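A structural walkthrough
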Amino acid sequence: MEKSSEKGNSVAAGAATTRSPMALMGLSSRNGNEEEANTSMRTAETMLRLVPMALGVAALVVMLKNSQSNEFGSVSYSDLGAFRYLVHANGICAGYSLLSAVIAAMPRPSTIPRAWTFFLLDQILTYIILAAAAVSTEVLYLANKGDSAITWSAACGSFAGFCHKATTSVIITFVTVLCYAALSLVSSYRLFTKFDAPVNYTSKTIETTVFHG
């Protein structure tokens, strides 16, 4: 009986030994696939963060060079607060896009503070650039159509070149808004799928003493 049990143990050990290399190969291949997927996702997110940087710089440069002088007078982007805000918003978003792209490209494990930071900043920048595009669109509408109620005549008939450049900058800004909306979806997906929701602590029941008169 002892010999048979020793023989069985040796066979089991041999089987485990023969199975362990295959298990190790499967584990290593699984880890390799996960690492490759993480690398590809990191590359895609980095490129997605670089696109609004280029768009923001383009919209900023177009608006900065937007001025026109003719027999009717002169006009510049700096004369309108909405266009000044658009320039500042595009500059802030371009700088954030570059910084976030550099951080996203680093092969670091994702942590909860980092995921929350990306999520919050992506949301804030999305609303900032959306507000800049919306306000500038309203100004362009008034410049094209005017407003008879306040005796504001259409200015684009006299400054067509200025309006064309402003329209180009606003269109590029709206494309930037779409990019930031996509980034907000990516950062929210990363946050709410990788990490568990906060633990809900059940409130303790507070016993109250009832006094009967």
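Notes on the structure follow. (Residues numbered from 1 in each chain as written. Predicted model: local features only at pLDDT ≥ 70, side-chain atom pairs only at ≥ 80, totals over all residues. Heavy atoms only, no water.)

1. Regarding a nonpolar patch on the surface
On the surface, I112, W116, L120, L121, I124 and F192 cluster together into a nonpolar patch covering about 550 Å² of accessible area. Along the chain, I112 falls in helix α3 (residues 112–145). (Patch = residues over 30% accessible without salt bridge, like charges linked within 9 Å, V, L, I, M, F, W, Y side chains within 5 Å. Areas by Shrake-Rupley, 256 points an atom, 1.4 Å probe, with all protein chains shown as cover. Salt bridge = Lys/Arg side-chain N within 4 Å of Asp/Glu carboxyl O. Helix = DSSP H or I, 4+ residues; strand = E, 2+ residues; numbered from the N terminus.)

2. Considering the packing of aromatic side chains
Scanning the model with the defined rule gives five aromatic pairs in all. When the centroid spacing of 6.5 Å and the interplanar angle of 25 degrees are considered together, the rings of Y96 and Y180 count as stacked. Linking Y96 in helix α2 (residues 81–105) with Y180 in helix α4 (residues 160–194), this pair joins segments that are 84 residues apart in sequence. Both rings, one in F119 and one in F192, keep their centres 5.5 Å apart while their planes meet at 85 degrees; by these two values the pair is edge-to-face. Of this pair, F119 sits in helix α3 while F192 is found in helix α4, placing the two residues 73 residues apart along the sequence. Taken together, the ring pairs connect W116, F119 and F192 into an aromatic cluster. (Phe/Tyr/Trp six-rings, centres within 6.5 Å; stacked < 30°, edge-to-face > 60°.)

3. Regarding the state of the cysteines
Counted according to the given criterion, the structure contains one disulfide. There is a disulfide in this structure between C156 and C163, and the S-S distance comes to 1.9 Å. Taking the sign of the S-S torsion, about -90 degrees here, the bridge from C156 to C163 comes out left-handed. For C156, a relative accessible area of 9% corresponds to the buried category. According to the relative accessible area criterion, C163 is buried, its value standing at 5%. (Disulfide = S-S within 2.5 Å. Buried < 20%, exposed > 50% of the residue type's maximum accessible area, 1.4 Å probe, protein only.)

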